[in-house]
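Chain by chain, the residues run as shown.
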Amino acid sequence: MIYTIGIALYGLAIRVASPFNKKAKLLLDGQGRTKRVLDGTANDVKVNTGNEKWVWFHAASLGELEQGRPVIEEWKRREPETKIVLTFFSPSGYEIRKNYAMADAILYLPADNRKNAKAFLDAYKPSAAVIVKYEYWYNFLTELKRRGVPTYLISAIFLPTQPFFKWWGGIYREMLGCFTKLFIQDEESLDLLNKIGVKHAVVTGDTRFDRVEQIATEAKS
């Protein structure tokens, strides 16, 4: 209940700030557009027609997309017929990468409530979901788990100061249980997770290095 109230208050704050703050207005307008796509009143963004395979990638902002790009692009290389829906939370990610060619649909993530989570997953019916680094949205994660959608966290890093490791962080620990696998950056994160009984994590490093290597390889004089 506290989480739900907090999400609602955050939405209200964005609405109040939108006339005075450019980022707040972009976020509000973007979420409104997403709602129209999901309810079928806007058809300028693709959704799942019912016989397609889609994978959902979510990045908070531009930096997280850079970490997700090596995975998105390798997925498309291996399965070119699979469609990608990419969502952002921040305008600084969406506005710069809204024309990213490897994604078949790019949207702002709608506010995290049950209605929006169900509508989004009904529209895209993803066969898998990949969250980059540190986005934890309770209603989306629990709905993915309820539907049996394999869900992965990539390039994650954990610190002792995070809510997962506090006595009051039960809802956050519950969210970790919604992931099929946690692909994390370092051994310190793994040790922290093991101490709270999380055993479905594996150290795979930071995909940002893959992206830097890719940029260096593609650089032209």
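In the block above lies the structure referred to throughout.
Quick caveat, the model's predicted, so the values are computed rather than measured. (Residues numbered from 1 in each chain as written. Predicted model: local features only at pLDDT ≥ 70, side-chain atom pairs only at ≥ 80, totals over all residues. Heavy atoms only, no water.)

Enumeration over the complete set of coordinates arrives at one cavity of 30 Å³ or more. There is about 50 Å³ of room inside the largest cavity. For the largest cavity, the full set of lining residues is W56, H58, L109, I131, E135, W137, F140, L141 and L144. Those elements giving two or more residues to the lining of the largest cavity turn out to be β1 (54-59) and α6 (138-147). It is α6 that provides the largest number of residues to the lining of the largest cavity, a total of three residues. Its residues placed into classes, the lining of the largest cavity shows seven nonpolar, one polar and one charged. (1 Å grid on protein atoms, 1.4 Å probe; cavity = no way out; pocket = protein on both sides within 12 Å on 5 of 7 lines; lining within 4 Å. Points joined across faces, edges and corners; volume = space filled by probe spheres on them. Helix = DSSP H or I, 4+ residues; strand = E, 2+ residues; numbered from the N terminus. Nonpolar A, V, L, I, M, F, W, Y, C, P; charged D, E, K, R; others polar.)

As a further point, take unusual backbone geometry. The residue K125 is not glycine, and still its phi comes out positive at about 45°. Counting through the fold element by element, K125 comes out in the loop between α5 (114-124) and β4 (128-132). The class of K125 is partly exposed, set by a relative accessible area of 48%. (Buried < 20%, exposed > 50% of the residue type's maximum accessible area, 1.4 Å probe, protein only.)

Bringing the pairing of strand β6 (residues 181-184) into the picture now. Burial of β6 is one-sided: the residues L182 and I184 facing one way are buried, the residues K181 and F183 facing the other way are not. When strand β5 (residues 151-156) meets β6, the two strands line up parallel, connected through three bridges. Pairing of Y152 across the sheet is with K181, part of β6. In this fold, β6 hands off to helix α8 (residues 187-195), which returns the chain to strand β7 (residues 201-203); that crossover is right-handed. (Pairing = 2+ DSSP bridges. Right-handed = clockwise from strand over helix to strand, strands pointing away.)

All right, on to the nonpolar core then. Residues W56, F120, Y124, Y136, F158, L182 and L193 are the most contacted members of the largest nonpolar core, which totals 42 residues. With five residues, the single largest contributor to this core is α5. In this structure W56 touches V85, T87, L109, F120, L121, P126, A128, A129, V130, F140 and L144, once residues within four positions along its chain are discounted. Grouped together as the second largest cluster of nonpolar side chains are 21 residues, I14, W75, L86 and I154 included. (Core = buried A, V, L, I, M, F, W, Y, C linked by side-chain atoms within 4.5 Å. Contact = heavy atoms within 4.5 Å.)

Within the secondary structure, L27 is located in helix α2 (residues 22-38). The sequence separation of L27 and I14 amounts to 13 residues, and the corresponding C-alpha distance is 7.9 Å. With residues near it in sequence (within four places) discarded, L27 still touches Y10, I14, F89, P91 and Y108.

Once that is clear, we can look at helix α1 (residues 2-17). Residues spaced three or four apart along an α-helix point in a common direction, a consequence of the helix completing one turn every 3.6 residues. When the terminal C-alpha atoms of α1 are compared, their 22 Å separation across 16 residues agrees well with the 22 Å that a helix rising 1.5 Å per residue should span. Those residues of α1 lying buried are Y3, I7 and I14. Burial along α1 is one-sided: seen end-on, the buried residues are contained in an arc of 45°. Seen from the buried face of α1, the exposed residues on the opposite side, beyond 90 degrees, are I2, A8, L9, R15 and V16. Where α1 is buried, its residues touch α2, α6 and α7 (170-176). (Expected span 1.5 Å × (residues − 1). Arc of directions from axis to C-beta.)

This part is about the side chain of N116. Mapped onto the secondary structure, N116 falls in helix α5. Note on N116: relative accessible area 17%, which makes it buried. Engagement of the side chain of N116 in a polar contact is seen with the backbone oxygen of A111, the distance being 2.9 Å. Not counting chain neighbours up to four residues away, the residues in contact with N116 comprise L38, P110, A111 and F140. (Polar contact = N/O pair within 3.5 Å; in protein donor to acceptor, adjacent residues only side chain to side chain.)

For the rest of this paragraph, the subject is the sheet that holds β5. Taken in spatial order, the seven strands make up an open sheet running β3-β2-β1-β4-β5-β6-β7, and their pairing is parallel. One side of each edge strand has no neighbouring strand; the edge strands of this open sheet are β3 (105-108) and β7. Taking the axes of each pair of neighbouring strands and ignoring which way they run, one obtains an average angle of 20° across the sheet. Both strand β2 (residues 83-88) and β3 contribute to a ladder of four bridges, which runs parallel. Across the sheet, residue V85 finds its bridge partner in β3, namely A105. (Axes fitted to C-alpha atoms, helices over the stretch in contact; angles between N-to-C directions.)

Below, the discussion takes up the pairing of β1. Counting buried positions over the six residues of β1 gives six, a clear majority of the element. What you see with β1 is no split at all: W54, W56 and H58 on one side and V55, F57 and A59 on the other are buried throughout. Relative to β2, β1 is paired through six bridges, and the arrangement is parallel. Across the sheet, residue F57 finds its bridge partner in β2, namely L86. Taken together, β1, helix α3 (residues 62-78) and β2 constitute a β-α-β crossover, and its handedness is right-handed. Pairing of β1 with β4, which is carried by four bridges, proceeds in the parallel orientation. Across the sheet, the residue bridging to H58 is I131, located in β4.

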